[in-house]
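Chains, contacts and geometry: an overview
Letter by letter, the chains look like this.
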Amino acid sequence: MTATPDAKPRGTRLPRLARRRQLLNAAQEVFVENGYHAAAMDEIADRAGVSKPVLYQHFPGKLELYLALLDLHVDDMVSRVRDALASTHENKLRVQATFRAFFDFVSSQGEAFRLVFESDLRNVAPVRQRVERSLRECAEMVSQVIQEDTGCSSEEAHLLGVGLVGMAEVSARYWITQHGSIPKDAAEQLMARLAWRGISGFPRTA
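None of these values were measured; they are calculated from a predicted model.

Remarks on the UniProt feature "domain: HTH tetR-type" (unreviewed entry) in the protein chain
With numbering aligned to this structure, UniProt lists the feature "domain: HTH tetR-type" (unreviewed entry) at residues 17-77. Along residues 17-77 the backbone is 87% helical and 0% strand, and the end-to-end C-alpha distance reaches 22 Å.

In structure tokens, the structure reads:
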């Protein structure tokens, strides 16, 4: 197979963690460009500038490579939401920060969000479980704040958390498809205002 124009020169010996990071970066480029099913391990190896045996030393197969990449990005998304919720004790600002976290995620370099939300492997159990787990963890963090600050039951708070996270995810994904027709700051503020108008109607317990 002919190397792609972006292929890296071979022969450079890297520490194991650095090589793994290089392989994951190359894999992300190929998966985002081609989708899982059309991506080839040959192309990933060429893009990274390594031989296929080197690629297989780190990842025994294409699915394992994809899952390793997916783990990085779903963990990143959850971490962004956790940091957003911890960034302030003012709930209006928490809502704004949470929406910003999702908009930041979908607009981050490398279009990693496509691996999480638009994968052609979404119905494969290990992939679906990881994506569902990440959204569930985000919703649980949001619902915990809601329950602590309102008189909602845990079930009600969880439903509200799922709704807010779903709104943030879907609106951010839609926004990115519009190629900046609304500036990012304006888009995330618009959606945060909509969410705050709803959630602020629940009286605080303290």
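Details of the pattern of salt bridges
Under the counting rule described, the total for this entry stands at 16 salt bridges. Residue Arg-94 is joined to Asp-149 by a salt bridge in which the shortest nitrogen-to-oxygen separation is 4.0 Å. Of this pair, Arg-94 sits in helix α5 (residues 91-106) while Asp-149 is found in helix α7 (residues 125-149), placing the two residues 55 residues apart along the sequence. An identical accessibility class is assigned to Arg-94 and Asp-149; each is buried. For Glu-188, the salt bridge is made with Lys-184, and the minimal N-O distance between the two is 3.1 Å. With Glu-188 and Lys-184 both in helix α9 (residues 184-199), this residue pair falls 4 residues apart, about one helical turn. Under the relative-accessibility criterion, Glu-188 is labelled buried at 4%. One network of salt bridges, with partners in common, ties together Glu-29, Glu-33, Glu-43 and Arg-47.

Some thoughts on the packing of helix α8 (residues 154-177) against α9
A packed helix pair is summarised by two numbers, namely the angle formed by the two axes and the spacing between the axes. In contact at an axis separation of 11 Å, α8 and α9 are set at 160 degrees when each is read in the N-to-C sense. Relative to α9, the element α8 lies roughly antiparallel. Two packed elements cross with a definite hand, and for α8 against α9 that hand is right-handed. For the pair α8 and α9, the contacting residues are Leu-160, Leu-164, Met-167, Ser-171 and Trp-175 in the first and Lys-184, Ala-187, Met-191, Leu-194, Ala-195 and Ile-199 in the second. The residue makeup of the contact of α8 with α9, split by class, is 9 nonpolar, 1 polar and 1 charged.

Here is what the cut-offs are and how they apply
Residues numbered from 1 in each chain as written. Predicted model: local features only at pLDDT ≥ 70, side-chain atom pairs only at ≥ 80, totals over all residues. Heavy atoms only, no water. UniProt positions renumbered as here; feature names shortened; annotations may be inferred. Helix = DSSP H or I, 4+ residues; strand = E, 2+ residues; numbered from the N terminus. Salt bridge = Lys/Arg side-chain N within 4 Å of Asp/Glu carboxyl O. Buried < 20%, exposed > 50% of the residue type's maximum accessible area, 1.4 Å probe, protein only. Axes fitted to C-alpha atoms, helices over the stretch in contact; angles between N-to-C directions. Parallel < 35°, antiparallel > 145°, perpendicular 65-115°, else oblique. Left-handed = near helix turned anticlockwise from the far one by under 90°. Contact = heavy atoms within 4.5 Å. Nonpolar A, V, L, I, M, F, W, Y, C, P; charged D, E, K, R; others polar.

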